[in-house]
Amino acid sequence: MGRKFIVGGNWKCNGTVDEVKKIVSTLNAGDVPSGNVVEVVVSPPFVFLPLVKSSLRTDFHVAAQNCWVKKGGAFTGEISAEMLLNLEVPWVILGHSERRALLNESNEFVGEKVAYALSKGLKVIACVGETLEQRESGSTMEVVAAQTKAIADKISDWTNVVLAYEPVWAIGTGKVATPDQAQEVHSELRSWLQAHISPEVAASTRIMYGGSVSGANCKELAAKPDVDGFLVGGASLKPEFIDIIKSAEVKKC
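All of the points below concern the structure found in this document. Owing to the predicted nature of the structure, the values given are computational and were not obtained by experimental measurement. (Residues numbered from 1 in each chain as written. Predicted model: local features only at pLDDT ≥ 70, side-chain atom pairs only at ≥ 80, totals over all residues. Heavy atoms only, no water.)

Structural notes on the pairing of strand E1 (residues 5-10)
Here is the rule: Buried means the residue's accessible area, taken with a 1.4 Å probe over protein chains only, is under 20% of the maximum for its type, while exposed means over 50%, and partly exposed covers the values in between. Only DSSP runs of H or I with at least four residues qualify as helices, and only runs of E with at least two residues qualify as strands; both kinds are numbered from the N terminus onward. Two strands qualify as a pair provided that DSSP identifies no fewer than 2 bridges between them.
The element E1 is largely enclosed, with a buried count of six among its six residues. With burial as the criterion, each face of E1 is covered, one bearing Phe 5, Val 7 and Gly 9 and the other bearing Ile 6, Gly 8 and Asn 10. Sheet analysis places E1 next to strand E2 (residues 38-43), joined by six bridges and oriented parallel. Bridged to Ile 6 within E2 is Glu 39. Bridge analysis of E1 against strand E8 (residues 229-232) gives four bridges, and the strand direction is parallel. Bridge assignment links Gly 9 to a residue of E8, and that residue is Val 232.

Focus: the layout of surface pockets
Taking a probe equal in size to a water molecule and rolling it over the atoms shows the remaining empty space. Which entries qualify depends on this criterion: Points on a 1 Å grid, built from protein atoms alone, make a cavity when a 1.4 Å probe fits but cannot get out and make a pocket when they are open with protein on both sides within 12 Å along at least 5 of 7 lines; residues with an atom within 4 Å of a point are the lining residues. Grid points are joined across faces, edges and corners, and a volume is the space filled by probe spheres set on the points. Under the convention adopted here, Pro, Cys and the residues Ala, Val, Leu, Ile, Met, Phe, Trp and Tyr are nonpolar, Asp, Glu, Lys and Arg are charged, and Gly plus all remaining residues are polar.
Roughly 380 Å³ of volume is contained in the largest pocket. Lining the largest pocket are 16 residues, with Phe 46, Gln 65, Asn 66, Arg 99 and Leu 103 sitting closest to its centre. In terms of residues, the lining of the largest pocket owes the most to one element, helix H4 (residues 97-102), which gives three residues. Split into classes, the residues belonging to the lining of the largest pocket amount to seven nonpolar, five polar and four charged. Lining the second largest pocket are 16 residues, with Trp 158, Thr 159, Val 161, Ser 204 and Arg 206 sitting closest to its centre. Grouping the amino acids of the lining of the second largest pocket by side-chain chemistry returns six nonpolar, five polar and five charged.

What about the environment of Phe 241?
Applicable threshold: Whether two residues touch is decided by their heavy atoms; if any such pair falls within 4.5 Å, the residues are in contact.
Checked against the element boundaries, Phe 241 lands in helix H11 (residues 240-246). The sequence separation of Phe 241 and Val 213 amounts to 28 residues, and the corresponding C-alpha distance is 9.4 Å. Once residues within four sequence positions are removed from consideration, Phe 241 is found in contact with Val 7, Gly 8, Gly 9, Leu 27, Val 40, Val 42, Val 232, Ala 235 and Ser 236.

Some points on the nonpolar core
Operational definition: Only buried Ala, Val, Leu, Ile, Met, Phe, Trp, Tyr and Cys residues count toward a nonpolar core, and they belong to the same one when joined by side-chain atoms within 4.5 Å.
Ranked by internal contacts, the top residues of the largest apolar core, which has 70 residues, are Tyr 209 and Phe 230. Per-element tally for this core: the top contributor is helix H5 (residues 107-119), with six residues. Each residue touching Phe 230, except ones within four places of it in the same chain, is listed here: Phe 5, Ile 6, Val 7, Gly 8, Met 208, Tyr 209, Val 213, Cys 218, Leu 221, Ala 222, Ile 244 and Ser 247.

Focus on the packing of aromatic side chains
Condition: Two aromatic rings, drawn from Phe, Tyr or Trp (for Trp, its six-membered ring), form a pair once their centres lie within 6.5 Å of each other, and the interplanar angle then sorts them: stacked below 30 degrees, edge-to-face above 60, tilted otherwise.
Counted according to the given criterion, the structure contains four aromatic pairs. Ring geometry for Trp 68 and Phe 109: centres 6.1 Å apart, planes at 65 degrees, overall edge-to-face. With Trp 68 in the loop between strand E3 (60-64) and helix H3 (81-86) and Phe 109 in helix H5, the pair connects residues that are 41 residues apart, well separated along the chain. Between Tyr 165 and Tyr 209, the ring centres sit 6.3 Å apart and the planes meet at 55 degrees, which makes this aromatic pair tilted.

Things to note about unusual backbone geometry
At Asn 104, a residue that is not glycine, the phi angle is positive and equals roughly 55 degrees. Along the polypeptide, Asn 104 turns up in the loop between H4 and H5. One non-glycine residue, Ser 212, adopts positive backbone phi at about 55 degrees. Ser 212 sits in the partly exposed class, given a relative accessible area of 23%.

What to know about the environment of Val 20
Its place among the elements puts Val 20 in helix H1 (residues 17-29). The buried category is assigned to Val 20, whose relative accessible area is 0%. When neighbours within four sequence positions are excluded, Val 20 is seen to be in contact with Trp 11, Gly 15, Phe 48, Leu 51 and Val 52.

Examining the pairing of strand E6 (residues 161-165)
Burial analysis of E6 places five of its five residues in the buried class, which makes it a mostly covered element. Covered by surrounding structure in E6 are Val 161, Leu 163 and Tyr 165 together with Val 162 and Ala 164, the residues of both alternating faces. One ladder, built from five bridges, connects strand E5 (residues 123-128) with E6; its direction is parallel. In the strand pairing of E6, Ala 126 is matched with Leu 163. Bridge count for E6 against strand E7 (residues 207-209) is three bridges, and the pairing is parallel. From the neighbouring strand, Tyr 165 faces E7, where its bridge partner is Tyr 209.

Next comes the structure, spelled out in structure tokens:
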């Protein structure tokens, strides 16, 4: 069973109404492969979700950049999974390294958030990845496995989970894991899923790569057998995001 390529655009904390309209206009005009070849998900800041959802082409989907770990209530500043469902937002990004580092979200907390979002019917892009210090100390897989295990401990159905491997040292730095480095971690992560979850989950779960993906390097990365897509940051705000979506065609070769 082939894994459909998936490209996500994480707009992070960027944009004005006019800028968002311009980005959506560029996406709507983009000549990209069909939905049979690539799944596209864009993730604007919460305040722009209704605007993007109402104006974005119907073959692209929207995602929230986060959601709360339980039902809404007295949690000032948080957004619940139920609210996203009410807005008909089908996807959410959870466990991004910026939230892990800046807001001290632990592996266990991320695992709980993933489980709750899935239980409400959301699809989840769950992020994992190591820092430069962890890579240089040789503990990349230990870190990524622990992050993945915290999710696995809380869920039993992986159908609506996409993993995003994002080496923290490559996010927004201009540094990018070489295609071989990305493939190595993706392959080892898939092996971990096979050993600790099931061969079926390992074969079917998509693993995206994120970390300074650009129009210049996307085709070489996409050609790797265990790279099933990209979670794109800065480049998702630019016209080159269309080129990154097109890299899915490499998988047809």
